[in-house]
There are 2 protein chains.
Amino acid sequence: MEDKKFTVRAAERALDILLCFTEKREWSLTEIAQHTGLNKSTVYRLLVTLEGKGFLRRNPETEKYRLGFRIWELSANLSQSDDPAVLFLPEMERLRDELEETVSLYIRDGMERVRIQAVESHQTIRRVAPIGDRMPLTVGASSKVLVAYAPPETQEIILNDPSWPETIDRERYRKQLEEIRRRGYATSMEEREAGASAVAAPVFNRLGEIIAALAVSGPVGRLTEEKMEAFAPRIIEAAQRMGKMVKGGAAVR
Amino acid sequence: MEDKKFTVRAAERALDILLCFTEKREWSLTEIAQHTGLNKSTVYRLLVTLEGKGFLRRNPETEKYRLGFRIWELSANLSQSDDPAVLFLPEMERLRDELEETVSLYIRDGMERVRIQAVESHQTIRRVAPIGDRMPLTVGASSKVLVAYAPPETQEIILNDPSWPETIDRERYRKQLEEIRRRGYATSMEEREAGASAVAAPVFNRLGEIIAALAVSGPVGRLTEEKMEAFAPRIIEAAQRMGKMVKGGAAVR
DNA sequence: AATTGAATTTCAACCAGTGAAACCGGAGGA
DNA sequence: TCCTCCGGTTTCACTGGTTGAAATTCAATT
């Protein structure tokens, strides 16, 4: 998207067509043409090319296109680094470069959350985020996301844990979680740390289980409420893409 | 390869580059250029394109290219039909159309082999191959392949099974198996059925275990010894491609 | 400092890729 | 039956995207 300088248009278009298949299993020529905004002829030729190389195949019944066996062949060669900490890194870097703020990835471990991956903003004033850091589940945007999307039973266990502060009003808290689920993301301002705000969104696996929280954090001065609201869709989008990268339905840890 | 008429060259080249990654995990620009025979500049631009779209990513340490997260996203949308009988069908059809003879897929079940998938030649005189058929492991090209590549212990059990004919000279038979492993395929002429010949090659999973035998069979008149020798490389190639499509290292049945 | 090897960028030429429009063929309706 | 519609396929002329060679940068080695 940035440096269009040294790219090959025809190849880009072919890849765009392939990417349609992350959204829907089957596409007809016309559907793809509409969705991508390309000319029918162009799409046709690219489809012939993709089919010829085995990246797509036609469903004989519906006449529509589906992904072909080459994708299997390729994905088989990926199966090593299933580790989200490695797997998600490029996507996190992308997000960091887009928003210019520190990006962290958290998972829940009992009554704590752990930062399993992070990429820091390039700005001189920035959120520093050491990997491996552990924080209580009671505060922070990521914590709220991790709790909000935890399965109900787990949520009950968490809320009834002896370590859970009595000072937190359970009813108000539940309302907050509901609100987070409604919006799809959580924010926090100087909740865990003075001067720091954060926006966090859930990463789901294919079964819809939360496997991690993706957070963007920075100084309150820069990460204002408007800013966070504006960032939220981008973070949610990145988190969704990350979720799609996870094989099977395995939850993390 | 056949109808080059309506394909887009630039897209084809991009896909060729992607396909390199079925053979090796990491490639440098120069390696790809040599392997594909394309100009370095061309490869460079296509790599930039592929990386920009997330189909490739660079290993920061080695500076080389690897497959990117988009492949995950796509393969996630495939994860239904893991069944080789379904999975291999397109490849088998391809082979059938290329050789114009009946193609069968066998797995070993104890002392028998079972045809779990088949596509028949279009010719009027052809090998008819009902799916589900069971045959003894003692005769036929596919049987020999299934035995030749079975793990040593399994092989011993098979050869010592009471159902194994005493008339077969163990020493000669072992020599035959060795020869098959050396060549990578097996043939048979009127061994199991009068008038029928067959060529078979092994399908391995990623761990190198045999999971099936891919066989091409037809009338001895058409499937002469020369013909079978000529077909063998194509069958082996198809079997290899099929093997690469299998997720994980799981053996079939 | 010089040398190698690899990735990146420039550049001019040309042909591959493009969109518009024509064509085809089957499904469905009058 | 004929007609129309609507996808997919093919043709065609134009042009600008793609290409290879060569120059350039950059880092690692000697």
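Everything here concerns the structure above.
Okay, so let's go over this structure. This one's a predicted model, so the numbers in the text were calculated from it and none came from an experiment.

## Comments concerning the protein's contact with DNA strand C
Turning to step 1, where the next piece is worked out: By nearness alone, 18 residues border DNA strand C, and Asn39 and Thr42 of chain A together with Arg9, Ala10 and Thr30 of chain B come closest of all.
Turning to step 2, where the next piece is worked out: The sugar-phosphate backbone supplies 73% of the atoms of DNA strand C found within 4 Å of the protein.
Turning to step 3, where the next piece is worked out: Here a base oxygen of DNA strand C sits 3.4 Å away from a polar atom, N or O, in the side chain of Ser41 of chain B.
Turning to step 4, where the next piece is worked out: Put simply, the parts of the chain that give the surface near DNA strand C at least two residues each are helix H1 (9-20) and helix H3 (40-52) of chain A together with helix H1 (9-20), helix H2 (29-36) and helix H3 (40-52) of chain B.
Turning to step 5, where the next piece is worked out: Within the surface near DNA strand C, the residues separate by chemical class into six nonpolar, six polar and six charged.

## A look at the interface of chain B and chain A
Turning to step 1, where the next piece is worked out: Taken together, the contact pairs 52 residues of chain B with 51 residues of chain A.
Turning to step 2, where the next piece is worked out: Buried area between chain B and chain A, both sides added, is near 5300 Å², and the carbon and sulfur share of it is 69%.
Turning to step 3, where the next piece is worked out: If you look at where chain B meets chain A, you find two salt bridges.
Turning to step 4, where the next piece is worked out: Here Asp16 of chain A ties to Lys53 of chain B by a salt bridge, and the two come within 2.7 Å at their closest N and O atoms.
Turning to step 5, where the next piece is worked out: For the side of chain B that touches chain A, the elements supplying multiple residues, two or more each, are H1, H3, helix H4 (69-76), helix H6 (89-99) and helix H10 (225-244) of chain B.
Turning to step 6, where the next piece is worked out: Residue composition of the side of chain B that touches chain A, grouped by class: 25 nonpolar, 10 polar and 17 charged.

## What to know about the relation of the copies chain B and chain A
Turning to step 1, where the next piece is worked out: Superposition of chain B onto chain A requires a rotation of 180° combined with a translation of 0.6 Å along the rotation axis, giving an RMSD of 0.7 Å. The two molecules are tied by a two-fold rotation axis, judged by turn and shift. Across chain B, the rotation axis passes nearest the C-alpha of Ala11 of chain B, at a separation of 2.4 Å.
Turning to step 2, where the next piece is worked out: Interface residue correspondence from chain B to chain A reaches 96%, placing this contact among same-surface, isologous pairings.

## Some thoughts on the side chain of Glu91 of chain B
Turning to step 1, where the next piece is worked out: With respect to the helices and strands, the residue Glu91 of chain B is situated in helix H6.
Turning to step 2, where the next piece is worked out: Residue class for Glu91 of chain B comes out buried when judged on its relative accessible area of 1%.

## A closer look at the packing of aromatic side chains
All names here are of chain A.
Turning to step 1, where the next piece is worked out: Counted under the stated rule, the structure contains six aromatic pairs over all chains.
Turning to step 2, where the next piece is worked out: Taking 5.2 Å as the distance between ring centres and 70° as the angle between the ring planes, the aromatic pair formed by Tyr149 and Phe204 counts as edge-to-face. Here the residue Tyr149 occupies a position in the loop between helix H7 (141-148) and helix H8 (152-159), and Phe204 occupies one in strand E7 (residues 196-204), the gap between them amounting to 55 residues.
Turning to step 3, where the next piece is worked out: By relative accessible area, Tyr149 is classed as buried at 17%.
Turning to step 4, where the next piece is worked out: Accessibility expressed as a relative area gives 30% for Phe204, which makes it partly exposed.
Turning to step 5, where the next piece is worked out: For Arg183, the ring lying beneath its charged end belongs to Tyr185, and the centroid distance is 4.7 Å.

## Some thoughts on the sheet that holds strand E8 (residues 210-219) of chain B
All names here are of chain B.
Turning to step 1, where the next piece is worked out: Read across the open sheet, the six strands follow the order E5-E4-E3-E8-E7-E6; overall the sheet is antiparallel. Edge positions in the sheet fall to strand E5 (134-136) and strand E6 (186-189), since each has one partner strand and no second. Looking at each pair of strands side by side, their axes are set apart by 30° on average, direction ignored.
Turning to step 2, where the next piece is worked out: The sheet contact formed by strand E4 (residues 112-119) and E5 spans three bridges and is antiparallel. If you follow Val114 over to E5, its bridge partner there is Arg134.

## Focus: the protein's contact with DNA strand D
Turning to step 1, where the next piece is worked out: Close contacts around DNA strand D come from 18 residues, with Ala10, Thr30 and Tyr44 of chain A together with Asn39 and Thr42 of chain B the closest.
Turning to step 2, where the next piece is worked out: Protein-adjacent atoms of DNA strand D, using a 4 Å cutoff, are sugar or phosphate at a proportion of 68%.
Turning to step 3, where the next piece is worked out: Ser41 of chain A is positioned with one of its side-chain polar atoms (N or O) 3.3 Å from a base oxygen of DNA strand D.
Turning to step 4, where the next piece is worked out: Contacts to DNA strand D include Tyr44 of chain A, whose side-chain N or O atom sits 3.1 Å from a phosphate oxygen.

## Overview of the sheet that holds strand E3 (residues 102-109) of chain A
Residues and elements named next belong to chain A.
Turning to step 1, where the next piece is worked out: Taken together, six strands build an open sheet; the order of strands is E5-E4-E3-E8-E7-E6 and the sheet is antiparallel. Unpaired on one side and paired on the other, strand E5 (134-136) and strand E6 (186-189) mark the two borders of the sheet. Neighbouring strand axes in the sheet, compared pairwise and without regard to direction, differ in orientation by 30° on average.
Turning to step 2, where the next piece is worked out: Relative to strand E4 (residues 112-119), E3 is paired through seven bridges, and the arrangement is antiparallel. Along E4, the bridge assignment pairs Ile107 with Val114.
Turning to step 3, where the next piece is worked out: Against the sheet, helix H10 (residues 225-244) engages E3, E6, E7 and strand E8 (210-219), with an angle of about 25° to E7.

## Thoughts on the pattern of salt bridges
Between side chains of opposite charge, a pair can form as their charged atoms come close.
Turning to step 1, where the next piece is worked out: Following the criterion strictly, the structure yields 37 salt bridges over all chains and no others.
Turning to step 2, where the next piece is worked out: One salt bridge connects Arg234 of chain A with Glu98 of chain A, and the closest N-O pair in it is separated by 3.0 Å. Taken together, the residues span a long stretch of sequence, with Arg234 of chain A in helix H10 and Glu98 of chain A in helix H6 (residues 89-99) at a distance of 136 residues.
Turning to step 3, where the next piece is worked out: Residue Glu98 of chain A is classed as partly exposed on the basis of its relative accessible area of 39%.
Turning to step 4, where the next piece is worked out: For Asp133 of chain B, the salt bridge goes to Arg115 of chain B, with nearest N and O atoms at 3.5 Å. With Asp133 of chain B in the loop between E4 and E5 and Arg115 of chain B in strand E4, this residue pair connects regions lying 18 residues apart in the sequence.
Turning to step 5, where the next piece is worked out: With a relative accessible area of 32%, Asp133 of chain B lands in the partly exposed category.
Turning to step 6, where the next piece is worked out: Judged by relative accessible area, which is 1%, Arg115 of chain B ranks as buried.

## Structural notes on helix H9 (residues 170-183) of chain B
Residue and element names in this part refer to chain B.
Turning to step 1, where the next piece is worked out: Taking 1.5 Å per residue as the helical rise, H9 with its 14 residues ought to reach 20 Å, and the 20 Å between its terminal C-alpha atoms agrees with that figure.
Turning to step 2, where the next piece is worked out: For H9, the complete set of buried residues consists of Tyr173, Leu177 and Ile180. The buried residues of H9 occupy an angular sector of 60° when the element is viewed end-on, so they sit on one face. More than 90 degrees from the buried face of H9, the exposed residues found are Arg172, Lys175, Glu178 and Arg182.
Turning to step 3, where the next piece is worked out: Residues of H9 that are buried sit in contact with helix H7 (141-148), helix H8 (152-159) and E6.
Turning to step 4, where the next piece is worked out: N-cap assignment for H9: the residue whose side-chain oxygen lies 3.1 Å from the backbone N of Glu171 is Asp169.

Calculation rules
- Throughout this document, residue positions are counted from 1 along each chain, in the order its sequence is written.
- Chains carry letters and ligands carry numbers; both start at the beginning, A for chains and 1 for ligands, and go up in the order they are written.
- Per-residue local features are limited, in this predicted model, to residues with pLDDT of at least 70; the limit for side-chain atom pairs, both in listing and counting, is 80 or more; totals at the level of whole chains, interfaces and linings are taken over all residues.
- Excluding hydrogens and water, the side-chain values take into account all heavy atoms of the structure.
- Only heavy atoms are used to decide nearness, and a residue is near a molecule or strand if one of them lies within 4 Å of it.
- Polar contacts, as counted here, are pairs of nitrogen or oxygen atoms within 3.5 Å of one another; within protein the pair requires one atom able to donate a hydrogen and one able to accept it, and residues that are adjacent in sequence qualify only if both atoms are side-chain atoms.
- Counting from the N terminus, the helices are the DSSP runs of H or I reaching at least four residues and the strands are the DSSP runs of E reaching at least two.
- Three categories are distinguished: nonpolar for Ala, Val, Leu, Ile, Met, Phe, Trp, Tyr, Cys and Pro, charged for Asp, Glu, Lys and Arg, and polar for the others, with Gly belonging to the last.
- We call two residues contacting when some pair of their heavy atoms lies within 4.5 Å.
- Values labelled buried area give the accessible surface lost by two parts on being combined, using a 1.4 Å probe and summing over both.
- One speaks of a salt bridge when a side-chain nitrogen belonging to Lys or Arg is within 4 Å of a carboxyl oxygen belonging to Asp or Glu.
- Copy-to-copy superposition: least squares on the C-alpha atoms, limited to residues that have pLDDT of at least 70 in both copies.
- Only protein chains enter the area calculation, which uses a 1.4 Å probe; residues under 20% of their type maximum are buried, those over 50% are exposed, and those in between are partly exposed.
- What counts as a ring pair is set by centres within 6.5 Å for rings of Phe, Tyr and Trp (its six-membered ring), and what kind of pair is set by the plane angle: stacked under 30 degrees, edge-to-face over 60, tilted for all other angles.
- By the criterion adopted, a ring carries a charge over it if an Arg CZ or a Lys NZ lies within 6 Å of its centre and within 35 degrees of its normal.
- Between any two strands, pairing holds if DSSP finds at least two bridges.
- Comment: axis = line fitted to C-alpha atoms, over the contacting stretch for helices; angle = value between 0 and 180 degrees taken between N-to-C directions.
- To estimate the expected span of a helix, subtract one from its residue number and multiply by 1.5 Å.
- This arc is built from the directions going out from the helix axis to the C-beta atoms.

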